[in-house]
Amino acid sequence: VAVTVNGVAFGASAATFTYAATNATYELRPRRLATKGGTIVQVRGPHLELAPSLACRFGVYEVLASVKEGALACRAPPLEVGSVAFRVMSDGRVVYDTQLDVASISFEASPTLGANGTLVHVDAEKA
């Protein structure tokens, strides 16, 4: 970054500047989370790897995020049933903002016992 007061003489700055377009498109998966937490949320979008510090915010809970191969990943904390605000934060600023659905999920598997090679059917639905 070069700095000037008069438009003629420029001075050097130790500050770095990264530009990211504000109309960027992001892809988020999954859009539904379990109340118990632990779901890995992945966000794909431009310029995520350029951010020096990234975090995910689930309502009021903020968790650290990591970026690998252009995808941000973070682990959801335990949450209440309903809609929760989800934000990707970069140095305290909101980069991406949406709503996620939080549901209590129950699982049922059958058969409960079987030999090697037994096919198991798993049903997952709202509790």
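Residues numbered from 1 in each chain as written. Predicted model: local features only at pLDDT ≥ 70, side-chain atom pairs only at ≥ 80, totals over all residues. Heavy atoms only, no water.

## Topic: the sheet that holds strand 5 (residues 40-44)
Working step 1: Spatially, 3-5-9-8 is the arrangement adopted by the four strands of the open sheet, whose pairing is antiparallel. Each edge of the sheet is formed by a strand with only one pairing partner; in this case those strands are strand 3 (27-29) and strand 8 (66-68). Each adjacent strand pair in this sheet contributes to an overall mean axis angle of 25°, direction not counted.
Working step 2: In this structure, strand 3 lies alongside strand 5, joined through three bridges in antiparallel fashion. Opposite Arg29, over in strand 5, you have Gln42 as the bridge partner. (Pairing = 2+ DSSP bridges. Helix = DSSP H or I, 4+ residues; strand = E, 2+ residues; numbered from the N terminus. Axes fitted to C-alpha atoms, helices over the stretch in contact; angles between N-to-C directions.)

## What about the nonpolar core?
Working step 1: Counting 20 residues, the largest nonpolar core has Val43, Phe58 and Phe86 as its most contacted members.
Working step 2: Sorting the residues of this core by element identifies strand 5, strand 6 (54-58), strand 9 (71-75), strand 10 (82-90) and strand 11 (93-103) as the ones contributing at least two each.
Working step 3: Residues contacting Phe86, with those up to four places away along its chain left out, are Leu28, Val41, Val43, Cys56, Arg57, Phe58, Cys74, Tyr96, Asp97, Thr98 and Leu100. (Core = buried A, V, L, I, M, F, W, Y, C linked by side-chain atoms within 4.5 Å. Buried < 20%, exposed > 50% of the residue type's maximum accessible area, 1.4 Å probe, protein only. Contact = heavy atoms within 4.5 Å.)

## Concerning the state of the cysteines
Working step 1: Here the structure, examined in full by the defined rule, presents one disulfide.
Working step 2: Residue pairing for Cys56: its cysteine sulfur links by disulfide to Cys74, the two sulfurs lying 2.1 Å apart. Between Cys56 and Cys74, the S-S torsion sits near -90°, and that sign places the bridge as left-handed. Here the residue Cys56 occupies a position in strand 6, and Cys74 occupies one in strand 9, the gap between them amounting to 18 residues. For the pair shown, Cys56 and Cys74 are each scored as buried. (Disulfide = S-S within 2.5 Å.)

## So, unusual backbone geometry
Working step 1: The omega angle of the peptide bond from Arg29 to Pro30 is -10°, so this bond is cis rather than trans.
Working step 2: Position of Pro30 relative to the elements: it lies in the loop between strand 3 and strand 4 (32-34).
Working step 3: Within the chain, Glu69 stands out as a residue other than glycine whose phi angle is a positive 55°.
Working step 4: Inspection of the secondary structure assignment puts Glu69 in the loop between strand 8 and strand 9.

## Some words on the pairing of strand 7 (residues 61-64)
Working step 1: Where strand 6 and strand 7 come together, four bridges link them in antiparallel fashion. By the bridge assignment, Ala55 is partnered in strand 7 with Leu64.
Working step 2: Taken together, strand 6 and the strand that follows it, strand 7, pair antiparallel across an intervening segment of two residues, in which Gly59 is found at a positive phi of about 65°.

Keep in mind these values describe shape, not function.
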